[in-house]
Amino acid sequence: MLKPKVLATRVIPDSGLEIVARECDAVIWNEEIPMPRSNLLESVRGIDGILSQLSDNIDAQIMESAGPQLKVISNYAVGFDNIDLAEATRRGIFVANTPDVLTETTADLAFALLLAGARRLSEGVDHVRGGKWLTWGPRLLLGYDVYGATLGIVGLGRIGRAVARRSRGFDMRVIFYDPEAVISAEEAKWMRPAANLDQLLSESDFVSLHTPLTSDTDHLIGEAALAKMKSTAVLINTSRGRVVDTEALYCALQAGRIAYAALDVTDPEPLPSDHKLLGLPNCIVIPHIGSASVATRNRMAVMAAENLLSGVRGQRPKYLVNAAVNVERTGD
Ligand code: DGY
């Protein structure tokens, strides 16, 4: 029997790659940089499924180039803003992602960034490495207390909730902004909704972003939002770079309108090494590694591979994002 034809746009961990290589006729892009657009357009021709990355822009042109047999786009990420979902749905193409499995790992990293920003860890490392550590200093690298501070969570989904849970160990006060979130009676004992985003921004010592990137959240944190924050506040972003207006953030950090930013995601991404944000002492940038633990990336690889296999076989992927396609495909 002929194996389904698939394209994997990057090498994923072996746990998933082995499944794909065994069950499919697979083309795998074996480079450390994303597939250039021209290669992607060419390589998708005639394939049944794409195992994509958040760095691939899977739009109508890619779907058109693939052809009508394309059944599934399995994204190796929980976020899927890199895929034109409406277009995929219109064409009856399954889109699947890797939710849940990376929640705790990403929340760990968000909390690491929170602590690193509060206590100026990267400045401390630079201080020692740069040979500036001459003696103990009574005024050296004074940061902000985490315990007892107010944490503002923007977007109370799975990861936002997991970050909120961690903050309880630090006796933080937790507020959140998410018009769609419903909290349990238990959660209501230790977190409360802010009346609006402005209230969250003005009351929080730490603002942690956990919203997906949509047309509503694109540049949600721009000049006006940053102006609402405390001058001592730390902004943490592990969601998507474009939720924050980079230029406005640079100006706010440089002018001391907020104290610190700790970013796992940026706009643009990757951030060029000569980007002005990297010249600021009060900004930490790390390279989008929220879900990057060995165990989590292995689990994501299996999920993405299984989503891909179901899709190319015309079956509903377990972690389907566009449920409307499910009805069409399983109904035929
Ligand atoms: C995701 O899954 O969307 C993260 O940003 C990367 O793992």
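Just so we're clear, the structure is a prediction, and the values are computed from it rather than from any experiment. (Residues numbered from 1 in each chain as written. Predicted model: local features only at pLDDT ≥ 70, side-chain atom pairs only at ≥ 80, totals over all residues. Heavy atoms only, no water.)

A.B. asks: What exactly am I supposed to notice about the site of the ligand here?
C.D. replies: The full set of residues close to the ligand is Leu-54, Ala-77, Val-78, Gly-79, Leu-102, Arg-240, His-288, Ser-291 and Met-300. His-288 has a polar side-chain atom sitting 2.7 Å from an oxygen atom of the ligand. Between the ligand and Ser-291, the relevant distance is 2.6 Å, taken from an oxygen atom to a side-chain nitrogen or oxygen of the residue. For the ligand, the protein covers 90% of the area, taking 230 Å² as the surface of the free molecule. (Near = heavy atom within 4 Å. Polar contact = N/O pair within 3.5 Å; in protein donor to acceptor, adjacent residues only side chain to side chain. Areas by Shrake-Rupley, 256 points an atom, 1.4 Å probe, with all protein chains shown as cover.)

A.B. asks: Please explain helix H1 (residues 14-23) as it appears in this structure.
C.D. replies: Side chains that are three or four residues apart share a direction in an α-helix, a result of its 3.6 residues per turn. Among the residues of H1, those classed as buried are Gly-16, Leu-17, Ile-19 and Val-20. All buried residues of H1 project into a common sector of 160 degrees when viewed along the axis, lining one side. On the buried face of H1, the contacting elements are strand S1 (5-8), strand S2 (25-28), strand S3 (49-52) and helix H12 (294-312). (Buried < 20%, exposed > 50% of the residue type's maximum accessible area, 1.4 Å probe, protein only. Helix = DSSP H or I, 4+ residues; strand = E, 2+ residues; numbered from the N terminus. Arc of directions from axis to C-beta. Contact = heavy atoms within 4.5 Å.)

A.B. asks: It is not clear to me how the side chain of Thr-266 should be interpreted in this structure. Could you clarify?
C.D. replies: Note on placement: Thr-266 falls in the loop between strand S11 (260-263) and strand S12 (283-285). There is a polar contact of 2.7 Å between the side chain of Thr-266 and the backbone oxygen of Pro-268. When residues no more than four places from it in sequence are discounted, the contact partners of Thr-266 are Gly-241, Leu-271 and Val-285.

A.B. asks: I'm lost on the environment of Gly-117 in this one. Help?
C.D. replies: Along the chain, Gly-117 turns up in helix H5 (residues 103-118). Gly-117 gets classed as buried once you look at its relative accessible area, which sits at 0%. Sequence spacing of Gly-117 and Leu-141 is 24 residues, and the spatial spacing of their C-alpha atoms is 11 Å. Excluding residues that lie within four positions of it along the chain, Gly-117 makes contacts with Val-234, Tyr-260 and Ile-284.

A.B. asks: How do you make sense of the pairing of strand S4 (residues 72-75) when you look at a structure like this?
C.D. replies: Successive residues of a regular strand alternate their side chains across the two faces of the sheet. In S4, alternate side chains face the same way, and those of Val-72 and Ser-74 on one face and Ile-73 and Asn-75 on the other are all buried. Where S3 lies against S4, four bridges are found, and the strand directions are parallel. When the bridges of S4 are listed, Gly-49 appears paired with Val-72. Note on the crossover from S3 through helix H3 (residues 60-66) to S4: the handedness is right-handed. As judged from the three bridges shared by S4 and strand S5 (residues 94-96), these two strands associate in the parallel manner. For Ser-74, the partnering residue across the bridge sits in S5 and is Ala-96. Note on the crossover from S4 through helix H4 (residues 85-90) to S5: the handedness is right-handed. (Pairing = 2+ DSSP bridges. Right-handed = clockwise from strand over helix to strand, strands pointing away.)

A.B. asks: Please clarify how the domain arrangement of the protein should be interpreted in this entry.
C.D. replies: It is common to give the size of an interface as the accessible area that goes away when the parts come together. Here the protein is described as being made up of domain 1 (5-101 + 294-330) and domain 2 (103-285). With centres defined by C-alpha atoms, the gap from domain 1 to domain 2 works out at 31 Å. Across the domain 1/domain 2 interface, buried area totals approximately 610 Å², and carbon plus sulfur atoms make up 40% of it. Taken as a group, Leu-54, Asp-81 and Asp-100 account for 63% of the area that domain 1 buries against domain 2, more than any other trio of residues on that side. Between Asp-100 and Arg-158 there is a salt bridge, with its nearest N and O atoms 3.2 Å apart. The interface formed by domain 1 and domain 2 includes four residue pairs in polar contact (both at pLDDT 80 or more). Considering only residue class, the side of domain 1 that touches domain 2 consists of four nonpolar, two polar and two charged. (Domains from an automatic or database assignment. Buried area = accessible area lost by both parts, 1.4 Å probe. Salt bridge = Lys/Arg side-chain N within 4 Å of Asp/Glu carboxyl O. Nonpolar A, V, L, I, M, F, W, Y, C, P; charged D, E, K, R; others polar.)

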